[in-house]
Amino acid sequence: MFKPREGAVKRRRTAAAPDADPSPAAERPRRSGPITGPKHMRRYVITMSALVITALGLTFGIMTWDNPAETGSRPWWLIVDMRRDSLITIGVVALCHAVSTVAFQTAVNNRILTPGIMGFGSLYTAIQTTAVFLLGAGGATALVGVGPFLLQMLAMMVLATLLYTWLLSGRFSNIHIMLLVGVVIGGVLGSLSNFMQRILTPSEFDVLTARLFGNISNARADYLPYAIPMVIAAVALIWLRANTLNTIALGRTTAQNLGLNYKRELIIVMALVSLLVAVATALVGPMMFLGFLAATLAYQFGDTYSHRMLFPMAVLFAYTILAASYFILRHIWDAGGAVTVIVELIGGLVFLIVLMRKGRL
Amino acid sequence: MSITLTDVAKDYSSSVKIGPVTTEIQSGGVTALVGPNGAGKSTILTMIGRLLDIDTGEITVAGHDVVNTPSKTIAKILSVLRQENHFVTRLTVRQLVGFGRFPHSKGRLTIGDEKYISEAIDFLNLTDLEDRYLDQLSGGQRQRAYVAMVLAQNTDYVLLDEPLNNLDMQHAVQMMKQLRRAADELGRTVVIVLHDINFAAHYSDKILAMKDGQVIEHGTPREIMRDDVLTSIFNTDIQVIEGPNGPLAVYY
């Protein structure tokens with residue numbers, strides 16, 4: 001995908017050579033595009049290559065590190081297969097969080113807010129808890145398989161889209177109020193879930209915890225067969241809207257001036273984002289800061305408006321961060337269950353640092 | 001071919017009400033919207049630019065109803081620039097101006113688009129700055145970059161909400177001259193909200209004066225630049241004297 005751009009940069013470089021003589025700027029080919037020059041291009045390619053190499057290295061490391069069985073034997077392959085599920089989960093979660101956060105931040109025109117902070121994860125927890133609360137343990141255990149999973153995702157999409165398009169439709173012109181409302185919504189939904197969980201019978205609660213608190217070592221791999229096609233479809237739809245997203249990033253009035261149906265685009269983005277967050281939450285539980293971390297790094301290193309360039313970089317950052325924590329915690333410290341906790345800790349710290357340095361929302 | 005407003009009204013609250021306004025802004029030239037703060041100039045401008053919903057009434061631009069015509073069709077007829085522009089993405093001048101081609105290119109810039117972009121940049125004397133990032137520019141230069149973006153959109157109608165805000169004398173004059181040229185040389189219809197009545201008198205062909213949500217005067221600068229008319233528009237004693245380049249309002 002970078003080939004033609006590289007060509008364009010080369011043309012520019014060769015043509016820029018006579019730039020040394022004081023001929024006017026009109027002489028050199030003037031073109032627009034997400035890459036501003038050879039230096040920018042080089043930085044993007046180097047960052048991407050480094051990320052791809054690190055990601056591949058970590059993948060290989062997680063698969064093979066400290067495998068007690070004899071290399072190539074049947075038990076060795078069994079262990080590798082088990083680890084492969086964790087890796088696929090890491091990949092899906094990284095994809096969901098990175099893409100949803102970048103798309104969400106573009107839609108709300110703010111690079112601090114994330115779906116997690118605005119309470120998307122709490123909404124999912126509340127939906128799950130309500131389901132178990134209303135149906136009881138028997139009913140809830142019956143709710144497995146493709147149909148119910150799709151139904152849950154649909155409920156999440158509808159509720160989140162309604163809630164967040166209402167919240168973001170310009171009713172609260174002030175970003176602080178919007179953030180406050182988002183955090184309060186998250187808190188209220190969290191308390192509501194907590195309240196219902198206290199009323200549940202122990203067996204119902206057991207069913208619920210099994211559903212809610214997945215983690216990477218013990219991911220809900222049974223969800224993967226449905227989750228992966230949904231995630232791929234959602235990411236593909238967002239990818240196809242990349243040019244629209246580039247324009248949405250200019251803010252509501254500019255996007256409207258350029259002929260976008262802003263409200264419709266916002267609803268579409270929110271629906272897709274809520275689906276991605278729901279899948280990620282279903283797999284490994286709520287994570288607030290992974291997406292933030294990945295998106296912030298991608299903006300920093302990518303330094304471009306083009307979502308087609310930001311998305312891959314953010315996904316690679318998310319995968320690298322998650323896989324690296326998993327590798328270290330699982331294989332070196334033997335604390336695989338704590339991966340999301342550690343990532344959230346680091347992500348939360350980075351969030352604070354960015355917020356302090358920026359000094360504003 | 002003109003902008004027509006028929007009984008257009010916007011209710012902010014029971015006490016703050018803009019309109020109903022019925023008027024016609026003719027094609028070609030520069031039309032200035034003037035009036036005291038809160039008169040409804042920006043409201044009317046942003047409603048024409050379909051950035052703000054109309055409560056009652058109808059606005060058509062070149063025969064297209066701005067509410068019912070698809071936004072992407074309007075974007076090829078009319079461009080509108082608000083006062084405040086803040087982007088989360090870091091953009092160079094050229095990238096920003098390139099976004100002006102979005103209604104035509106949908107994000108895939110062709111050679112033809114690049115030509116329009118270069119022309120808009122050259123037109124506003126930004127040629128040497130085109131690879132600079134917006135956050136490296138002064139306020140005046142940035143304002144010019146925004147205007148270059150709406151010019152690159154290549155629409156017959158260009159609406160600007162107080163483009164002289166925060167510009168010093170030199171840059172304000174430069175901006176008005178460039179907008180005048182856009183009207184004269186490129187044949188654009190420029191509608192602009194202005195605070196300085198003298199700027200409006202010198203650079204515009206028509207002045208549309210608003211007060212308390214109503215259009216109270218609409219005419220050529222000569223017709224508006226009279227002691228009694230200006231005094232009633234601005235609630236301030238204003239004397240018009242003959243300056244070297246036309247009438248001047250003196251209000252201090």
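Residues numbered from 1 in each chain as written. Chains lettered and ligands numbered in written order. Predicted model: local features only at pLDDT ≥ 70, side-chain atom pairs only at ≥ 80, totals over all residues. Heavy atoms only, no water.

In the annotation of an unreviewed UniProt entry, the entry for chain B reads Iron ABC transporter ATP-binding protein, and the organism field reads Nesterenkonia cremea. Comment text from UniProt for chain B, heading Subcellular location (unreviewed entry), reads "Cell membrane". (UniProt positions renumbered as here; feature names shortened; annotations may be inferred.)

For chain A, the name recorded in an unreviewed UniProt entry is Enterochelin ABC transporter permease, with Nesterenkonia cremea as its organism. In its Subcellular location (unreviewed entry) section, the UniProt entry covering chain A states "Cell membrane". UniProt, in its Sequence similarities (unreviewed entry) section for chain A, records the words "Belongs to the binding-protein-dependent transport system permease family. FecCD subfamily."

Here we take up the sheet that holds strand E6 (residues 78-81) of chain B. Residue and element names in this part refer to chain B. The strand order E6-E7-E8-E3-E9-E10 describes an open sheet built from 6 strands, whose pairing is mixed. Edge positions in the sheet fall to E6 and strand E10 (214-219), since each of these pairs with one other strand and no more. Adjacent strand axes in the sheet meet at a mean angle of 15° when their direction is disregarded. On top of the sheet, helix H1 (residues 41-48) reaches strand E3 (30-34), E6, strand E7 (157-161), strand E8 (189-193) and strand E9 (206-211); it is set at about 145° to E7, its chief contact. Against the sheet, helix H10 (residues 227-234) contacts E3, E9 and E10, and its axis sits at roughly 45° relative to E9. (Pairing = 2+ DSSP bridges. Helix = DSSP H or I, 4+ residues; strand = E, 2+ residues; numbered from the N terminus. Axes fitted to C-alpha atoms, helices over the stretch in contact; angles between N-to-C directions. Contact = heavy atoms within 4.5 Å.)

Residue and element names in this part refer to chain B. Spatially, 4 strands are ordered E2-E1-E4-E5 in an open sheet, and the strand pairing comes out antiparallel. Looking at the sheet topology across the chains shown, the edges are occupied by strand E2 (17-26) and strand E5 (64-65). Note: strand E1 (residues 2-11) against strand E4 (residues 56-61), 5 bridges, orientation antiparallel. Bridge pairing links Leu-5 to Ile-59 in E4. Taken strand by strand, H1 contacts E1, E2 and E4, and its axis lies near 120° from that of E1.

Residue and element names in this part refer to chain B. Across the 5 residues of E8, 5 count as buried, placing the element largely inside the fold. Of the two faces of E8, the one carrying Thr-189, Val-191 and Val-193 and the one carrying Val-190 and Ile-192 are both buried. The sheet contact formed by E3 and E8 spans 4 bridges and is parallel. Bridge assignment links Leu-33 to a residue of E8, and that residue is Val-193. (Buried < 20%, exposed > 50% of the residue type's maximum accessible area, 1.4 Å probe, protein only.)

Turning our eyes to something else, we now look at the packing of helix H2 (residues 38-64) of chain A against helix H3 (residues 74-108) of chain A. Relative orientation and spacing of two packed helices are given, respectively, by the angle between their axes and the distance between those axes. Residue and element names in this part refer to chain A. Where H2 meets H3, the axes come as close as 8 Å, and the angle between the chain directions of the two elements is 135°. Here H2 is positioned oblique relative to H3, judged by the angle of their axes. Between H2, through Thr-59, Ile-62, Met-63 and Thr-64, and H3, the contact on the second element is made entirely by Trp-76, Val-80, Arg-83, Arg-84 and Leu-87. In the contact of H2 with H3, the residues fall into 5 nonpolar, 2 polar and 2 charged. (Parallel < 35°, antiparallel > 145°, perpendicular 65-115°, else oblique. Nonpolar A, V, L, I, M, F, W, Y, C, P; charged D, E, K, R; others polar.)

Our next topic: the packing of aromatic side chains. If you walk through the whole model with that rule in mind, you get 8 aromatic pairs over all chains. On the numbers, 5.2 Å between centres and 40° between planes, the contact of Phe289(A) with Phe351(A) is tilted. Taken together, the residues Phe289(A) in the loop between helix H11 (262-284) and helix H12 (290-302) and Phe351(A) in helix H14 (residues 339-358) connect sequence positions 62 residues apart. Classification of Phe351(A) as buried rests on a relative accessible area of 13%. Here the aromatic residues Phe289(A), Phe292(A) and Phe351(A) are joined through ring pairs into a cluster of three or more. A cation over an aromatic ring shows up here: Arg181(B) above the ring of Phe123(B), its NZ or CZ 4.1 Å from the ring centre. (Phe/Tyr/Trp six-rings, centres within 6.5 Å; stacked < 30°, edge-to-face > 60°. Lys NZ or Arg CZ within 6 Å of the ring centre and 35° of its normal.)

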